[in-house]
Amino acid sequence: MNLSPFGRPSPEEHEALMAQIEPLPLRGRAWPRWIAALAWIIMAVIAVRLIIVLQLSSEQEQALPMPVIASLVVCFGALLWMSVHMWTSVTEVSDWGIRQSWITRREVPWTEIQSTKFIPLLASKKLVCFVQKGRPVTFQAGTPELQAAFARISLVYRKRT
């Protein structure tokens, strides 16, 4: 067993991990379907409420100032953009490393991962990868297969110091 100061497993441990995760590449939703659906329901409620507020303000001849309307539209657009990505985002564990399509692409090769932490939240199971340089990278797992793979990865790449 390799007890390097950064928690990197030995090549044998890494190969055993890849064998446990097979078949590779393992791909799945980044967010659970119910979370992504809930985001769309919230977006619909916000849209209805926004339309009602804008109609009431125009009927009462107390129109909202244009900067306020523009801010509301921009914020709604940003929330809509996030909802689309929550629905379409995919996480992949492969021989190369871990990738996730998100607003910006997240990816970390196995060679850069120093240690990991599995965070099993109710709404989302996350794997935080601590890399050699830069900030940690967080990946979401929306399927039971990815969640199990993240737990295995975390056990093998845990910090050993």
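I will try to describe carefully the structure that is included in this document. (Residues numbered from 1 in each chain as written. Predicted model: local features only at pLDDT ≥ 70, side-chain atom pairs only at ≥ 80, totals over all residues. Heavy atoms only, no water.)

In terms of helices and strands, the protein chain carries four helices and seven strands. Going residue by residue from the N terminus, the α and β elements of the protein chain occur as α-β-α-α-β-β-β-β-β-β-α. Rg of the C-alpha trace for the protein chain: 21 Å, well past the compact-globule value of 15 Å for 161 residues, more than 25% over. The principal-axis extent of the C-alpha atoms belonging to the protein chain is close to 75 × 30 × 25 Å. For the protein chain, contacts bridging at least 24 residues in sequence account for 58% of all contacts bridging at least 6. Summed over its atoms, the accessible surface of the protein chain is roughly 9800 Å², and 65% of this surface lies on carbon and sulfur atoms. (Helix = DSSP H or I, 4+ residues; strand = E, 2+ residues; numbered from the N terminus. Rg over C-alpha atoms; globule rule 2.2 N^0.38 Å. Contact = heavy atoms within 4.5 Å. Areas by Shrake-Rupley, 256 points an atom, 1.4 Å probe, with all protein chains shown as cover.)

Turning our eyes to something else, we now look at the environment of glutamine 55. Its place among the elements puts glutamine 55 in helix 2 (residues 33-59). We classify glutamine 55 as partly exposed; its relative accessible area is 46%. Taking C-alpha positions, glutamine 55 is 22 Å from alanine 78, a pair spaced 23 residues apart along the chain. (Buried < 20%, exposed > 50% of the residue type's maximum accessible area, 1.4 Å probe, protein only.)

Between glutamate 22 and proline 23 the backbone carries a cis peptide bond, its omega angle lying at 5°. Within the element layout of this structure, proline 23 appears in the loop between helix 1 (11-21) and strand 1 (26-29). The omega torsion of the bond from leucine 24 to proline 25 falls at -5°, within 30 degrees of zero and hence cis. Within the element layout of this structure, proline 25 appears in the loop between helix 1 and strand 1.

Relative to the elements of secondary structure, glutamate 92 occurs in strand 2 (residues 90-93). On the basis of relative accessible area, glutamate 92 is assigned to the buried category, the value being 14%. Among the polar contacts made by the side chain of glutamate 92, one reaches the side chain of arginine 27 at a distance of 2.9 Å. (Polar contact = N/O pair within 3.5 Å; in protein donor to acceptor, adjacent residues only side chain to side chain.)

Before going further, it helps to examine the pattern of salt bridges. Overall, the coordinates contain four salt bridges when judged by the stated rule. Note that glutamate 92 is salt-bridged to arginine 99, the shortest N-O span being 3.7 Å. Between glutamate 107 and arginine 105 there is a salt bridge whose closest N-O contact spans 3.1 Å. Using a relative accessible area of 38% as the deciding quantity, one classes glutamate 107 as partly exposed. One network of salt bridges, in which partners are shared, links Arg27, Glu92, Arg99, Arg105 and Glu107. (Salt bridge = Lys/Arg side-chain N within 4 Å of Asp/Glu carboxyl O.)

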